[in-house]
Amino acid sequence: MAVTLAPAALDRVRGFLEASPAALGLRFGVKKTGCSGWGYVADLAKEQRPDDTVFDVQGVRIFVDAESLSLVDGTEIDFLKQGLNEQFVFRNPNVAGECGCGESFTTDTDRAA
């Protein structure tokens, strides 16, 4: 599997990278947060870490740390505009449930623990 970018997200990330030429690509992962357990973290990658898996989407590199990989593998990142609102959206096949506010998610592995 892989982490991919939908066309709108690809354009948006390319814009961020053009504005920050020192960035290597997109860093994507998760951290413990919220009421369900996991929240997404996305930022520009400043360096490649030894445990990173790197995915290439049409020349844009996505860096995912080893701890996050099993939780985000297969995720498609999209970027949606609705009226005045703009946001990244994550279509993650590993998600088994989300909190009511949409800030965090859980997986079947979390539920079994």
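See above for the structure.
These numbers were taken from a predicted model, which means no experiment stands behind them.

S.K.: An account of the overall build of the protein is requested, with residue identities and associated values reported.
M.R.: Each helix and strand counted, the protein has 3 helices and 9 strands in total. Counting helices and strands in the order they occur from the N terminus, the protein gives β-α-β-β-β-β-α-β-β-β-β-α. In terms of overall dimensions, the protein is globule-like: its C-alpha atoms have a radius of gyration of 14 Å, near the 13 Å expected for 113 residues. Projected onto the principal axes, the alpha-carbon positions of the protein cover approximately 40 × 40 × 20 Å. The proportion of buried residues among the 113 residues of the protein is 36%. Sequence separation of 24 or more characterises 49% of the internal contacts of the protein that already satisfy a separation of 6 or more. A total of about 6600 Å² of accessible surface is found on the protein, and carbon and sulfur atoms cover 50% of it.

S.K.: Explain the nonpolar core to me, using residue names and the numbers behind them.
M.R.: Formed by 22 residues in total, the largest nonpolar core has its most connected members in V3, L5, I62 and I77. Among the secondary structure elements, those contributing two or more residues to this core are α1 (7-19), β2 (25-33), β3 (37-45), β4 (53-57), β5 (60-64), α2 (66-72) and β6 (76-82). Take this core: its biggest share by element is 4 residues, from α1. What I62 contacts, discounting residues up to four positions off in sequence, is V3, T4, L5, L26, F28, T53, V54, F55 and V57.

S.K.: I'd like a description of the pattern of salt bridges, backed by residues and values.
M.R.: Side chains carrying opposite charge are able to pair once their charged atoms draw close together. Considering all chains together, one arrives at 6 salt bridges under this definition. Taking the shortest distance from any N to any O, the salt bridge between E86 and K81 comes out at 3.9 Å. Residue classification places K81 among the exposed residues on the basis of a relative accessible area of 59%. One network of salt bridges, in which partners are shared, links R12, K81 and E86.

S.K.: Just give me the short version of the packing of aromatic side chains, but keep the residues and values in it.
M.R.: For the structure on display, the rule yields 5 aromatic pairs. Ring geometry for F28 versus F90: centroids 5.4 Å apart, planes at 20°, classification stacked. You can see F28 sitting in strand β2 and its partner F90 sitting in strand β7 (residues 85-91), a full 62 residues away along the chain. Under the relative-accessibility criterion, F28 is labelled buried at 0%. Taking relative accessible area as the criterion, F90 reaches 23% and is therefore assigned partly exposed. Following the ring pairs from residue to residue traces out a cluster consisting of F28, Y40, F90 and F105. Here the basic side chain of K32 rests over the ring of W38, its NZ or CZ set 4.5 Å away from the ring centre.

What counts and how
- Residues numbered from 1 in each chain as written.
- Predicted model: local features only at pLDDT ≥ 70, side-chain atom pairs only at ≥ 80, totals over all residues.
- Heavy atoms only, no water.
- Helix = DSSP H or I, 4+ residues; strand = E, 2+ residues; numbered from the N terminus.
- Rg over C-alpha atoms; globule rule 2.2 N^0.38 Å.
- Buried < 20%, exposed > 50% of the residue type's maximum accessible area, 1.4 Å probe, protein only.
- Contact = heavy atoms within 4.5 Å.
- Areas by Shrake-Rupley, 256 points an atom, 1.4 Å probe, with all protein chains shown as cover.
- Core = buried A, V, L, I, M, F, W, Y, C linked by side-chain atoms within 4.5 Å.
- Salt bridge = Lys/Arg side-chain N within 4 Å of Asp/Glu carboxyl O.
- Phe/Tyr/Trp six-rings, centres within 6.5 Å; stacked < 30°, edge-to-face > 60°.
- Lys NZ or Arg CZ within 6 Å of the ring centre and 35° of its normal.

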